[in-house]
Amino acid sequence: MLGSQLEMKKLINDPLDAPAEFLAGLALAHSDLLRVSLDPVYVVRADAPVPGKAGLLSGGGSGHEPMHAGFVGRGMLDAACPGAVFTSPTPDQIQAATRAANGGAGVLHIVKNYTGDILNFEMAAELCQAEGIDVRAVVINDDVAVEDSLYTAGRRGVGATVLAEKICGAAAERGYPLAEIETLCRKVNRRARSVGMALTPCTVPAAGKATFELAEDEIEMGIGIHGEPGRERLPLLPAAELIARMAGMVVADLPFRSGDQVIAMVNGMGGTPLMELYIVYRELHHILEGLGIRIARRLVGNYITSLEMAGCSLTLLQADDELLSLWDDPVLTAGLRWGL
Amino acid sequence: MGPLSMAGGKREVLHWLDLLQQVYAANRAWLTELDSAIGDADHGINMDRGFIAVQAELAAHPPADIRSALQAAAATLIRHVGGAAGPLYGTFFLRAAAACAGKPELEAGDVVALFQAGTQGVCERGKAAAGDKTMLDALLPALEAMRQALAEGTGSVEILDRAAAAAEAGMRATIPIQARKGRASYLGPRSIGHQDPGATSAFLMLRAAAEAWRA
Ligand SMILES: Nc1ncnc2c1ncn2[C@@H]1O[C@H](COP(=O)(O)OP(=O)(O)OP(=O)(O)O)[C@@H](O)[C@H]1O
Ligand SMILES: [Mg+2]
């Protein structure tokens, strides 16, 4: 076992203060893009609410940075509700953030499919609707590692969340009405699939202990984004073999077919060097090329993370002209920016 | 023992809520450990944070009656816990509060009604069933034991003791189950062999109730 799995070595102060101190830092660094409320905790874009524009809100546990707070800004989210580390936000937070994001055209909640998130967002939506805000919710569930059956809580929401936030954010900025953004968000979710793997576990600051143990020659395949163990434990293999296996799972599931063009995300879990992510990208590029699938756009980097976990996830979105055009629209957030 | 029919009331409920803060603080590491095996290592942290907040709320705004004490606990849990446990335990106390409306004292039947309403709330909010490997696997057997004890004419303390014992057995019985709800279901067969953290916190809640009414 790695020594680093036994103790917590983090650049923090009081572990319980970590999420709030992160947000305070974010606000100081990006006062041009966003504002932070600390009670209840939420982040909104600096010019929120934008009159007449449909609002876009997402939330979830902290520890996945830059998602979601780092995606607040022009062309992406109007508001984000970070919970405690790996814990969904609470209804009062979501309610306050929804009010702050509502420019009169209603607010879309982009919710990742986890029981905690679903229940808290449901309670919040009831509260918001009671005060007359048009709230819609789309649940993201793109993780192919989980069987979608009566015997599970359904597939987890992972990488497709980032793509949905970017694409729907662009649509909102163009003036799409709420109902159309909702439809668009469902379309992104329907056409996107992801899978993740971990080389190391991670340590929740308030827990002080790694979420699982892995030998030096083992990996977890089929992880989510909360430091939980995956579907199976495998021996560490060369990147070519691991990525072939992961790409195979994603491609077969939709399925993606020869002639498809995709938006691809090679995402680091927080502790993976960019060198390795580009090695992964190279493998993915060749595998897809061999299948006749063209990567039309891509992201390579840390976008939806699990603290300091090493590992990666792959997300593919079957794109069309509308999705590519919205993808190319300008975005200006702490975590993603182009075209401005 | 005093007379069997002695009704408990606000004192017992407040004592229960106070004990819950102590119990979850003392078992924070255990619950989190259980959650790290099949979840995301936050259940003990969530429960501890929630009941510390409940104590603070009750100290700041002493409740007038049983209903408002439980109501304050519900609202505070919903606001401070997050995760699955926040809305689920929040709903438990919200329904429990409603069941106690207008009752200055709780007879044995009222204690059962409180738990019945709370458990029903958890069923509706989480849409899980018995055997899914959730907190309901402790709450449902506890409720069944309470009903039986009540039918036999026992008092609140005995009712809660038997409920706690049934919850404990239910909690243990989650070990061999493959989870079908919540985060643990993502693990598929790998969730087998681990005790459910929510069933464990539910057992602790019932054991604390038995202790509060006994005192
Ligand atoms: N649908 C459900 N109905 C009843 N209980 C549930 C349900 N889903 C999960 N639980 C219970 O909740 C417990 C986990 O609570 P916890 O506080 O750890 O939330 P969580 O699932 O980690 O939430 P989050 O994903 O937001 O962090 C489980 O052990 C289980 O007993
Ligand atoms: Mg948990």
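Residues numbered from 1 in each chain as written. Chains lettered and ligands numbered in written order. Predicted model: local features only at pLDDT ≥ 70, side-chain atom pairs only at ≥ 80, totals over all residues. Heavy atoms only, no water.

A.B. asks: Report on the pairing of strand S13 (residues 311-318) of chain A, specifying residues and quantitative values.
C.D. replies: Residue and element names in this part refer to chain A. Burial analysis of S13 places eight of its eight residues in the buried class, the great majority of the element. Side-chain alternation along S13 places Gly 311, Ser 313, Thr 315 and Leu 317 on one buried face and Cys 312, Leu 314, Leu 316 and Gln 318 on a second face that is also buried. Across seven bridges, strand S8 (residues 192-198) lies against S13 in antiparallel orientation. Across the sheet, Arg 193 pairs through a bridge with Leu 316, a residue of S13. (Buried < 20%, exposed > 50% of the residue type's maximum accessible area, 1.4 Å probe, protein only. Helix = DSSP H or I, 4+ residues; strand = E, 2+ residues; numbered from the N terminus. Pairing = 2+ DSSP bridges.)

A.B. asks: Kindly report on the site of ligand 1, identifying the contributing residues and their values.
C.D. replies: As a matter of local geometry, ligand 1 sits amid 26 residues, with Asp40(B), Gly126(B), Arg183(B), Asp196(B) and Gly198(B) nearest to it. Residues within reach of ligand 1 are spread across chains A and B. Contact distances for ligand 1 include 2.9 Å between an oxygen atom and a side-chain N or O atom of His43(B). Here ligand 1 loses 97% of its free accessible area of 640 Å² to cover by the protein chains. Its atoms largely coinciding with the cavity grid, ligand 1 occupies the largest cavity. (Near = heavy atom within 4 Å. Polar contact = N/O pair within 3.5 Å; in protein donor to acceptor, adjacent residues only side chain to side chain. Areas by Shrake-Rupley, 256 points an atom, 1.4 Å probe, with all protein chains shown as cover. 1 Å grid on protein atoms, 1.4 Å probe; cavity = no way out; pocket = protein on both sides within 12 Å on 5 of 7 lines; lining within 4 Å. Sits in = over half its atoms within 2 Å of the grid points.)

A.B. asks: A description of the domain arrangement of chain A should follow, citing residues and the corresponding values.
C.D. replies: Residue and element names in this part refer to chain A. On domain assignment, one finds that chain A holds domain 1 (20-190) and domain 2 (192-338). Taking only C-alpha atoms, the centre of domain 1 and the centre of domain 2 are 21 Å apart. With 43 residues of domain 1 in contact, the opposing surface of domain 2 contributes 46 residues. Carbon and sulfur atoms supply 64% of the area buried between domain 1 and domain 2, which totals about 3,700 Å² over both sides. Among the residues of domain 1 in contact with domain 2, Phe 86, Leu 163 and Lys 166 are the three that bury the most area, contributing 17% of the side total. At the junction of domain 1 and domain 2, the tally comes to four salt bridges. Between Arg 155 and Asp 253 there is a salt bridge; the shortest N-O distance is 2.7 Å. (Domains from an automatic or database assignment. Contact = heavy atoms within 4.5 Å. Buried area = accessible area lost by both parts, 1.4 Å probe. Salt bridge = Lys/Arg side-chain N within 4 Å of Asp/Glu carboxyl O.)

A.B. asks: Now, about the packing of aromatic side chains: what can you tell me, with residues and values included?
C.D. replies: Scanning all chains against the criterion turns up nine aromatic pairs over all chains. Cluster of aromatic residues (ring-pair linked, three or more members): Trp16(B), Tyr24(B), Phe51(B), Phe92(B), Phe93(B), Phe115(B) and Trp213(B). Lying over the aromatic face of Tyr186(B), Arg156(A) brings its terminal NZ or CZ to 5.0 Å of the ring centre. (Phe/Tyr/Trp six-rings, centres within 6.5 Å; stacked < 30°, edge-to-face > 60°. Lys NZ or Arg CZ within 6 Å of the ring centre and 35° of its normal.)

A.B. asks: Please provide a residue-by-residue account of the sheet that holds strand S6 (residues 107-112) of chain A, values included.
C.D. replies: Two modes of strand pairing occur in sheets, parallel and antiparallel, and in both the strands are linked by backbone hydrogen bonds. All names here are of chain A. With respect to topology, six strands assemble into an open sheet ordered S1-S2-S5-S3-S6-S7, the strand pairing being mixed. This sheet does not close on itself; its edge strands, each paired only once, are strand S1 (34-38) and strand S7 (135-140). Averaged over all adjacent pairs, the angle separating strand axes in this sheet is 20°, with direction ignored. Where S1 and strand S2 (residues 41-45) come together, five bridges link them in antiparallel fashion. Looking at the pairing, Arg 35 lines up with Val 44 of S2. Packed on one face of the sheet, helix H2 (residues 91-101) meets S2, strand S3 (55-62), strand S5 (79-85), S6 and S7 and runs near 160° to S5. (Axes fitted to C-alpha atoms, helices over the stretch in contact; angles between N-to-C directions.)

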